Structure formats: structure tokens, C-alpha cells
Amino acid sequence: QVQLVESGGGLVQAGGSLRLSCAFAASGRIFRPFGLGWCRQVPEKEREFVGAFRWGGVTSVYAGSVNGRFTSSRDNGKSTGYLQMNSLKPEDTAVYYCALPRSSGLGALTRTNDYDTWGQGTQVTVSP
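Figured I'd write up the structure that's included with this text. (Residues numbered from 1 in each chain as written. Predicted model: local features only at pLDDT ≥ 70, side-chain atom pairs only at ≥ 80, totals over all residues. Heavy atoms only, no water.)

**Observations concerning unusual backbone geometry**
Its identity is not glycine, yet Glu44 carries a phi of approximately 70°, on the positive side. In this fold, Glu44 is placed in the loop between β4 (35–41) and β5 (48–54). Its identity as a non-glycine residue notwithstanding, Ser79 has a phi of 50°, on the positive side. In this fold, Ser79 is placed in the loop between β7 (70–75) and β8 (80–85). Residue Ser79 is classed as partly exposed on the basis of its relative accessible area, which comes to 23%. (Helix = DSSP H or I, 4+ residues; strand = E, 2+ residues; numbered from the N terminus. Buried < 20%, exposed > 50% of the residue type's maximum accessible area, 1.4 Å probe, protein only.)

In C-alpha cells, the structure reads:
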């Protein structure tokens, strides 16, 4: 069983930056995910895709609303992925989740239904 633990959310003014972290651990075994994705959700709306990357490669993909402002990365040694969020806007306010996809296909990375392991979520609030 793989567990994801997120950290790094908080309150920031518009134009500011935050970095989210997502550490994963598989009990008793070495685990290499297909990739790592980030999604967000606001109350009464569906969870939406934000960004993702293939763990073993250089491919990354982002939602149009965050492209050029958010960047994902990883630290293999720490089994941790990161989401660097710059030039934050009030509309970025949401609970952010990291998740592991079922496969490494680009389609799977961008579909929230193709993720099967989720972190607990971390609140990001951007004030005007």
C-alpha cells in the first residue's frame, strides 16, 4: 500500500509563490510510480487537473490555467514530488491534492479518474 503525504499549503497574497510537497512511501518495498499528478478542488465543484509528470522521464503537462506559472519536479532520493506555484491568483484558491496515476500515458496523467492513490490535500488560499 502506498501513502502520500502533502505539505506546503498556506495563505499568500496575489502574485506570491508557494511550493507544495508530496512524499510517498510504500510499506516494505521499493516503489517507483508511473508519475505524479496534482489536482485541485473548490467547494461544490469537481476536482480539476492542474499538472503532472512522468516519474522516470522529462514529460510534464499542465492545465492551461496554470501553464507558465506552475512547475512540477521531483527528488528521487527523497521519493518526493513538488509543485512550484508562482504568480498566484485568487482563482488558484483551492484544496490541492497530489495523486499517483494508474499508468504513464499522457491521457491518464490529465484525467482525474485515472488516479487511484490520493494525498490528504492541502489548502492554498490566495488573497487579492
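**Focus on the pattern of salt bridges**
For the coordinates displayed, the defined rule picks out 5 salt bridges. Here Glu48 and Arg40 are joined by a salt bridge, their closest N and O atoms 2.6 Å apart. The exposure class of Glu48 is partly exposed, given its relative accessible area of 38%. Each of Arg40, Glu48, Arg69 and Asp92 takes part in one network of salt bridges that share partners. (Salt bridge = Lys/Arg side-chain N within 4 Å of Asp/Glu carboxyl O.)

**Things to note about the sheet that holds strand β1 (residues 2–7)**
Pairing is antiparallel across the open sheet formed by 4 strands, whose spatial order is β1-β3-β8-β7. At either end of the open sheet lies a strand with only one pairing partner, and these are β1 and β7. Each adjacent strand pair in this sheet contributes to an overall mean axis angle of 20°, direction not counted. By the bridge criterion, 6 bridges tie β7 to β8 in an arrangement that is antiparallel. Counterpart to Ser72 in the pairing with β8 is Leu83. (Pairing = 2+ DSSP bridges. Axes fitted to C-alpha atoms, helices over the stretch in contact; angles between N-to-C directions.)

These values are about where atoms sit, not about what they do.
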